[in-house]
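Residue-level structure breakdown
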Amino acid sequence: MIKTCKLCLQPANKLVKSHIIPKAFYEEFRKISLLGVSAHTYDKTYQNGIYGEFLCEKCEQKFNQYDEFAIGIFKQGKRQKSLHEEGNVSAFVVENVYLHSGKLHQFALSVLWRAAASGRDEYKSIKLGNYQERIRCALDGNNFEKALLDSAGLYFQEHRGGTENTFNQVFIPYKQHQNSKSFRETFGHFHCHDFGFPYGELLIRLGGEKPKQGFFDLKFDGFSGNAVLWTSNLSDEYPNLFFSKTPQSDAKKQMFRHLYKINRDSDH
Ligand SMILES: [Zn+2]
């Protein structure tokens, strides 16, 4: 049966398997199963991460260029420098990533688009409005207008350490960040999409205003300089990206426990 590729919109004999979050983000779980918890009341075992079949082979390969840089930064530790460790919390910077923020924003937009186009249940609540077609055109022609890149942003968090490592591995594939008063007051008014994977989360901003907070003047042995939490705020003056590695929060652990309980109860 002839199918249609969602990126080039051309008929294709075969659609290939495409990961929404690159496979490298799944670390050791690339080969074995792991448990993802949805924002609803079911959980699911994932093997090889979450993928869909919505791209032709040629289009699938276009994503490597966006994924590679992000994998280098977030998963292979390129440009990363450890700042400080106290208890379970460690702080890091990605040095001088300002000049490459365009690449990170291409990656952010590509993840959003892949999730929305994938047809997967986990991502079905994603609504990108007219960004959906703008991002598709940009990806298809590998030509991103500045306004589109400026509308994006990434905030990376890693979950490591603590006494219960299992909780660092469990994740919620996707949820739209509650646009609550406290979120708006903390960061500003914009859409924020949370993508989970083992050991971490990527918050992706789309549209609205730039995050208002998350600017740091860091002074540590071996590193001093200005850094930001959100890639949207990288600039000449703030060229470094800050992120932390912490155990999964107690609130999330509690929620995971609660969801496990619901699922276990419904088995009987
Ligand atoms: Zn295609």
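Note that this is a predicted model, so its numbers are computed, not measured.

What counts and how
- Residues numbered from 1 in each chain as written.
- Predicted model: local features only at pLDDT ≥ 70, side-chain atom pairs only at ≥ 80, totals over all residues.
- Heavy atoms only, no water.
- Donors = N, O, S within 2.8 Å, 3.2 Å for Na, K, Ca; no water.
- Tetrahedral: all angles 85-135°; square planar, octahedral: opposite > 155°, others 65-115°.
- Helix = DSSP H or I, 4+ residues; strand = E, 2+ residues; numbered from the N terminus.
- Buried < 20%, exposed > 50% of the residue type's maximum accessible area, 1.4 Å probe, protein only.
- Axes fitted to C-alpha atoms, helices over the stretch in contact; angles between N-to-C directions.
- Parallel < 35°, antiparallel > 145°, perpendicular 65-115°, else oblique.
- Left-handed = near helix turned anticlockwise from the far one by under 90°.
- Contact = heavy atoms within 4.5 Å.
- Nonpolar A, V, L, I, M, F, W, Y, C, P; charged D, E, K, R; others polar.
- Pairing = 2+ DSSP bridges.
- Salt bridge = Lys/Arg side-chain N within 4 Å of Asp/Glu carboxyl O.

**Describing the coordination of the zinc ion**
- Each protein donor to the zinc ion is listed here as C5 (SG), C8 (SG), C56 (SG) and C59 (SG); together their distances run 2.3 Å.
- For the zinc ion, the 4 donor atoms in the first shell make angles of 104 to 120 degrees at the metal, so the coordination geometry reads as tetrahedral.
- Spacing between the donor residues of the zinc ion along their common chain follows C-x2-C-x47-C-x2-C. Of this pair, C5 sits in the loop between β1 (3–4) and β2 (11–12) while C59 sits in helix α1 (residues 57–62); the two residues are 54 residues apart in sequence, bridging distant segments of the chain. In this pair, the class of C5 matches that of C59, namely buried.

**Some thoughts on the environment of G188**
- Relative to the elements of secondary structure, G188 occurs in the loop between α7 (181–187) and β11 (191–197).
- Sequence separation between G188 and E209 is 21 residues, and the spatial gap between their C-alpha atoms is 6.5 Å.

**Some details on the environment of T166**
- The residue T166 is located in helix α6 (residues 165–169) in this model.
- A relative accessible area of 53% means that T166 is categorised as exposed.
- A C-alpha to C-alpha distance of 9.9 Å links T166 and K253, two positions 87 residues apart in sequence.

**What to know about the packing of helix α2 (residues 64–74) against helix α3 (residues 101–117)**
- Interhelical geometry of α2 versus α3 gives an angle of 110 degrees and a closest axis separation of 8 Å. When the interaxial angle is binned, α2 and α3 end up roughly perpendicular. Of the two possible hands of crossing, α2 and α3 adopt the one that is left-handed. Touching Y66, D67, F69, A70 and F74 of α2 are K103, L104, Q106, F107, S110 and R114, all from α3.
- Its residues placed into classes, the contact of α2 with α3 shows 6 nonpolar, 2 polar and 3 charged.

**Looking at α2**
- Within α2, 8 of the 11 residues are buried, leaving the element largely enclosed by the surrounding structure.
- Listed in full, the buried residues belonging to α2 are Y66, D67, F69, A70, I71, G72, I73 and F74.

**Examining the packing of α3 against helix α4 (residues 131–141)**
- Contact pair α3 / α4: the axes reach a minimum separation of 10 Å and the direction vectors enclose 115 degrees. The two elements α3 and α4 cross, and the hand of that crossing is left-handed. Counting all contacts with α3, which are made through L109, S110, W113, A116 and A117, the residues of α4 involved are Q132, I135, R136 and L139.
- Taken together, the residues of the contact of α3 with α4 sort by class into 6 nonpolar, 2 polar and 1 charged.

**What to know about the pairing of strand β13 (residues 215–220)**
- Pairing between β13 and strand β14 (residues 223–228): 6 bridges, direction antiparallel. Opposite F215, over in β14, you have V228 as the bridge partner.
- What sits between β13 and β14 in their antiparallel hairpin is a turn of 2 residues, with G222 showing a positive phi close to 90 degrees.

**Notes on the pattern of salt bridges**
- What the rule picks out here adds up to 19 salt bridges.
- Between R136 and D140 there is a salt bridge, with its nearest N and O atoms 3.9 Å apart. One end of the pair, R136, and the other, D140, are both in helix α4, 4 residues apart, so they sit about a helical turn from each other.
- Look at R136 and you get buried, because its relative accessible area is 11%.
- Classification of D140 by relative accessible area gives partly exposed; the value is 29%.

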